[in-house]
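# Tertiary structure, described
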Amino acid sequence: MVTSGIVLDLVERVGGAVAGSLVEVPAAATDADLIGRWCERAGHRLVAVEDGVARIRRGPFPDDAAVLASVPAERRPGARLWIYTNFDCNLACDYCCAKSSPKAERKAIGPELIERLVAEGADHGVTEVFLTGGEPFLLLDLDRIVHACVERAPTTLLTNGMLFRGRRLDMLKAMPREGLALQISLDSATPGLHDRHRGAGSWQRALDGIRTAVGEGFRVRVAATVAAGESGADEARAFHALLDEVGIDRDDQVIRPIAQRGFAEDGVALTVESLIPEVTVTADGVWWHPVAAEHEDQLVTRDLFPLGAAIEQVRRRFAEYRRESDTAAQRFTCA
Amino acid sequence: MDRPLLVGAVAYTPNVVPIWEGIRDYFAGGPAEMDFVLFSNYGRQVDALIDGTIDVAWNTNLAWVRTVLQTQGKCQALAMRDTDLKFRTVFAARAGSGFTGLADLRGRRVALGSRDSAQAAILPVQYLREAGLDDEDVELVRLDSDIGKHGDTGRSELDAIRVLLDEDADAVALGINTWDAIGADELMGDALEAFWTSPAYCHCNFTALDSLPPERYGLWVEQLLAMSWDEPEHRRIMELEGLERAWAKPDLARYASLFKAVEDQGISARW
Ligand code: SF4
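### Some remarks on the overall build of chain B
Counting secondary structure elements, chain B contains ten helices and twelve strands. Computed over C-alpha atoms, the radius of gyration of chain B comes to 19 Å, within 12% of the 18 Å expected from 2.2 N^0.38 for 271 residues, which places it in the range of a compact globule. The C-alpha extent of chain B, read off along each of the three principal axes, is 60 × 40 × 30 Å. With 271 residues in all, chain B has 55% of them scored as buried. A fraction of 76% describes how many contacts in chain B between residues 6 or more apart in sequence connect residues 24 or more apart. Split by element, the accessible area of chain B, about 10800 Å² in all, is 47% carbon and sulfur. Counting 26 positive and 44 negative side-chain charges, chain B places the averaged centre of each group 3 Å from the other.

### Describing the pairing of strand β3 (residues 53–57) of chain A
Side-chain direction in a regular strand flips from residue to residue, so the side chains alternate between the two faces of the sheet. Residues and elements named next belong to chain A. Note that strand β1 (residues 22–26) and β3 share five bridges and pair antiparallel. Paired with Glu24 across the strands is Arg55, a residue of β3. Sheet topology places strand β2 (residues 45–50) next to β3; five bridges connect them, and they run antiparallel. Bridge assignment links Glu50 to a residue of β3, and that residue is Val53. Connecting the antiparallel pair β2 and β3 is a turn made up of two residues, with Asp51 showing a positive phi of about 50°.

### Focus: helix α4 (residues 111–123) of chain A
Structurally, the α-helix is built with 3.6 residues per turn, so residues lying three or four positions apart point the same way. Residues and elements named next belong to chain A. Its 13 residues give α4 an end-to-end C-alpha distance of 18 Å, which sits within 8% of 18 Å, the value for a rise of 1.5 Å per residue. Looking only at α4, the buried set comprises Pro111, Ile114, Leu117, Val118, Ala119 and Gly121. At the exit of α4 stands Gly125, carrying a positive phi of roughly 95°.

### Re the domain arrangement of chain B
All names here are of chain B. Considered domain by domain, chain B is made up of domain 1 (5–85 + 202–264) and domain 2 (88–197). Each of domain 1 and domain 2 was reduced to a C-alpha centroid, and the two centroids are 27 Å apart. Between domain 1 and domain 2, the contact holds 17 residues from the first and twelve residues from the second. Sorting the residues of domain 1 by area buried against domain 2 places Tyr12, Tyr42 and Leu62 first, and these three jointly supply 35% of that buried surface. Inspection of the region where domain 1 meets domain 2 yields zero salt bridges. At the junction of domain 1 and domain 2, the tally comes to six residue pairs in polar contact (both at pLDDT 80 or more). Among the secondary structure elements, those contributing two or more residues to the side of domain 1 that touches domain 2 are α3 (61–70) and α10 (256–264).

### Considering the site of the ligand
With respect to spatial proximity, the complete set of residues near the ligand consists of Cys89, Leu91, Cys93, Cys96, Ser100, Gly134, Asn160 and Arg198 of chain A. Residues that form the shell around the ligand fall into these classes: four nonpolar, three polar and one charged.

### Section: the sheet that holds β2 of chain A
Two modes of strand pairing occur in sheets, parallel and antiparallel, and in both the strands are linked by backbone hydrogen bonds. All names here are of chain A. What the three strands build is an open sheet, ordered β1-β3-β2; its pairing is antiparallel. Taken across any chain shown, the strands that pair with only one partner, and hence form the sheet edges, are β1 and β2. For this sheet the average axis-to-axis angle between neighbouring strands, irrespective of direction, equals 20°. Sheet strands touched by helix α1 (residues 5–15): β1 and β3. Its angle to β1, the strand with the most contacts, is close to 150°. Packed on one face of the sheet, helix α2 (residues 32–42) meets β2 and β3 and runs near 165° to β2.

### Topic: unusual backbone geometry
In this model, Gly59 of chain A is joined to Pro60 of chain A through a cis peptide bond whose omega is 0°. The omega torsion across Phe305 of chain A and Pro306 of chain A is -5°, close enough to zero to call that bond cis. On the secondary structure map, Pro306 of chain A appears in the loop between β12 (299–301) and α10 (307–329). A positive phi angle, near 75°, is found at Glu294 of chain A, a position not held by glycine. Overall, Glu294 of chain A belongs to the partly exposed group, its relative accessible area being 23%. For His150 of chain B, which is not a glycine, the phi torsion comes out positive at approximately 55°. Looking at the secondary structure, you find His150 of chain B in the loop between β8 (139–142) and α5 (155–165). Among the residues examined, His150 of chain B registers a relative accessible area of 1% and is labelled buried.

### Points about the pattern of salt bridges
All told, the structure shown has 41 salt bridges over all chains when counted by the stated rule. The partner of Glu128 of chain A in a salt bridge is Arg80 of chain A, and the shortest N-O contact between them spans 3.6 Å. Separated by 48 residues along the polypeptide, Glu128 of chain A in strand β5 (residues 128–132) and Arg80 of chain A in strand β4 (residues 80–84) bring together distant segments of the chain. The salt bridge partner of Lys260 of chain B is Asp264 of chain B, with a shortest N-O separation of 2.7 Å. Highlighted residues: Lys260 of chain B and Asp264 of chain B, both in helix α10, separated by four residues, approximately one helical turn. Here Asp264 of chain B falls in the partly exposed class, since its relative accessible area comes to 37%.

### What about the domain arrangement of chain A?
When the parts come together, some accessible area is lost, and that loss is often what is quoted as the size of the interface. Under the domain assignment, chain A is made up of domain 1 (2–61) and domain 2 (66–307). Of note, the centres of domain 1 of chain A and domain 2 of chain A, computed from C-alpha atoms alone, are 48 Å apart.

### Topic: the interface of chain A and chain B
The partner chain B presents 24 residues to the 22 residues of chain A that form the contact. For the pair chain A and chain B, the summed buried area comes to about 2000 Å², and 60% of that belongs to carbon and sulfur atoms. Counting every contact that joins chain A to chain B gives four salt bridges. Summed over the shared surface of chain A and chain B, the number is eight residue pairs in polar contact (both at pLDDT 80 or more). Among the elements of the structure, α1, α2 and α3 (64–69) of chain A are those that each provide at least two residues to the side of chain A that touches chain B. Counting residues per element, the side of chain A that touches chain B draws most heavily on α1 of chain A, at six residues.

### A few points about the nonpolar core
Grouped burial of nonpolar side chains is what soluble globular proteins tend to show. Core analysis: the largest hydrophobic core is formed by 76 residues, its most contacted members being Ile83, Phe137, Leu142, Leu157, Met175 and Leu186 of chain A. A total of six residues in this core trace back to one element, the largest contributor, which is α10 of chain A. Excluding residues that lie within four positions of it along the chain, Phe137 of chain A makes contacts with Leu142, Leu157, Thr159, Leu163, Phe164, Arg168, Met171, Leu172 and Met175 of chain A. One finds Tyr42, Phe195, Cys202 and Leu258 of chain B within the second-largest nonpolar core, a separate group that totals 44 residues.

### Here's the deal with the packing of α3 of chain B against α10 of chain B
Each pair of packed helices can be described by the angle between their axes along with the distance between the axes. Residues and elements named next belong to chain B. Closest axis-to-axis distance for the α3/α10 pair is 10 Å, and the angle between their directions is 70°. The orientation of α3 relative to α10 falls into the category roughly perpendicular. Once α3 is placed against α10, the crossing between them reads as right-handed. Contacts between α3 and α10 involve Asn61, Leu62, Trp64, Val65, Val68 and Leu69 from the former and Leu258, Phe259 and Val262 from the latter. Here the contact of α3 with α10 is built from residues that sort into eight nonpolar, one polar and no charged.

The rules behind these values
Residues numbered from 1 in each chain as written. Chains lettered and ligands numbered in written order. Predicted model: local features only at pLDDT ≥ 70, side-chain atom pairs only at ≥ 80, totals over all residues. Heavy atoms only, no water. Helix = DSSP H or I, 4+ residues; strand = E, 2+ residues; numbered from the N terminus. Rg over C-alpha atoms; globule rule 2.2 N^0.38 Å. Buried < 20%, exposed > 50% of the residue type's maximum accessible area, 1.4 Å probe, protein only. Contact = heavy atoms within 4.5 Å. Areas by Shrake-Rupley, 256 points an atom, 1.4 Å probe, with all protein chains shown as cover. Lys, Arg positive; Asp, Glu negative; His and termini not counted. Charge placed at Lys NZ, Arg CZ, Asp CG, Glu CD. Pairing = 2+ DSSP bridges. Expected span 1.5 Å × (residues − 1). Domains from an automatic or database assignment. Buried area = accessible area lost by both parts, 1.4 Å probe. Salt bridge = Lys/Arg side-chain N within 4 Å of Asp/Glu carboxyl O. Polar contact = N/O pair within 3.5 Å; in protein donor to acceptor, adjacent residues only side chain to side chain. Near = heavy atom within 4 Å. Nonpolar A, V, L, I, M, F, W, Y, C, P; charged D, E, K, R; others polar. Axes fitted to C-alpha atoms, helices over the stretch in contact; angles between N-to-C directions. Core = buried A, V, L, I, M, F, W, Y, C linked by side-chain atoms within 4.5 Å. Parallel < 35°, antiparallel > 145°, perpendicular 65-115°, else oblique. Left-handed = near helix turned anticlockwise from the far one by under 90°.

Set out below in structure tokens:
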């Protein structure tokens, strides 16, 4: 009978505490089960019962659906599906987050699996597909892949834009204009910066590629990867002037920082907890976010199928991290 | 535009700050903006309502009764929680007591919460009297641990249960909210059992003087009632404030038992 007294202590100490705070209540290890059941019932979270103390996070906590609803629909985990079509590349950029190069193993997923991935993804809330690599245009069945994706959802194809010749140009021409955008990287308005990271002559060829794609009637988004300090106002102005002249919409001119992944060493630190996840598939598994594909700490599962299960898992984990960080943010001090 | 409607509330838990900031944010930018003031006790809050410092008071049932008595009825209840419409008092004893009704408490000790708590002191005494038990028939053990807050903190009721579990009382009277909070049926079934539950009565309400014109509170009440449990932002506030699903219109008839108890027990209209 005396053990029930712990419930009264819980109601008084936890009930009277600030929502989100961590409350300590003296408790015996033998009470752990009762405490757990009380927390469950009252909407609080039992963190641990150890050394004579129960540590409890005071609720209420938003449920997964509420957490997900707080993120804009297009950024909601599971809305975007990234697919690494392959890992090899004609370039070997020093900051490549996929560590791609001509020597990298191809690790292609192949059109059959990609068809299944986008079909399953669409059934589980995917509203946008991104195809990336490596360099997708190294694959000679890329047009089939692109068609399969565009059939299911608006698709963005990331490419360095340097391979639009011969058979690959024919492949490009055969791709749908509706529902497809090409995203091509161009780091600067003049060759210097771009070529420093990506190799001599690469700037000119990328620009030629952009012109080709625009000329073929594709929507082209140009992404610049710049490190802090190198994106001065002059550089940005010149960059925009060039792209305006090529015919790229202002909304499609994107400047982004280098991520601290792959070969880049002095970028912004990204962790599972700090990234809004964007479900990413490679031949080897499903990952939390495209900038960290193939990094073990960001692995969701080795199983590509069922993809719906992986998407659900990512949503659940995201909601969990969000709740944690929201409660952390509530631990403010009055200075 | 009018100055924001000023609502008073008593700070009975640190969560009143997130609750009222949340409610204020909910109204912000709309046609019925509001702000809030926190009081340390209901006496001070009702004084502030009557002297016009605040427009609306988030009152307990006793604070409502006292406002009515002090203003000769020149006040109005604007809205309440769904849970306020069906508040009850529970009489409980140690498991195996064999009590089947209030009459079994003759000659027993009954632990009550703070003497200004309607649910855990004033109404329980009334229920005992209605069961034919006067002051000399039962020994009352009063735990006045949250006086001034009308039992809102629940602390005096928890203290009363401790007294019961320590066998210094034979029964205890509590609000249904505290009974639910301890999960008594589910978690304390081997220690406690309820043997009598009161009819439903009303608990808190938003009180205004009847001189507050409808154009000052109409839209505010309308918008309050529109707060949705299905909106995550709203739900957090509603959960913290102890709603089940929605704000509701008041049912004044359900304050009758407390008016009678206050009169019968000679409880003063002021503090
Ligand atoms: S950044 Fe792009 S173009 Fe450069 S190596 Fe990586 S995949 Fe290839």
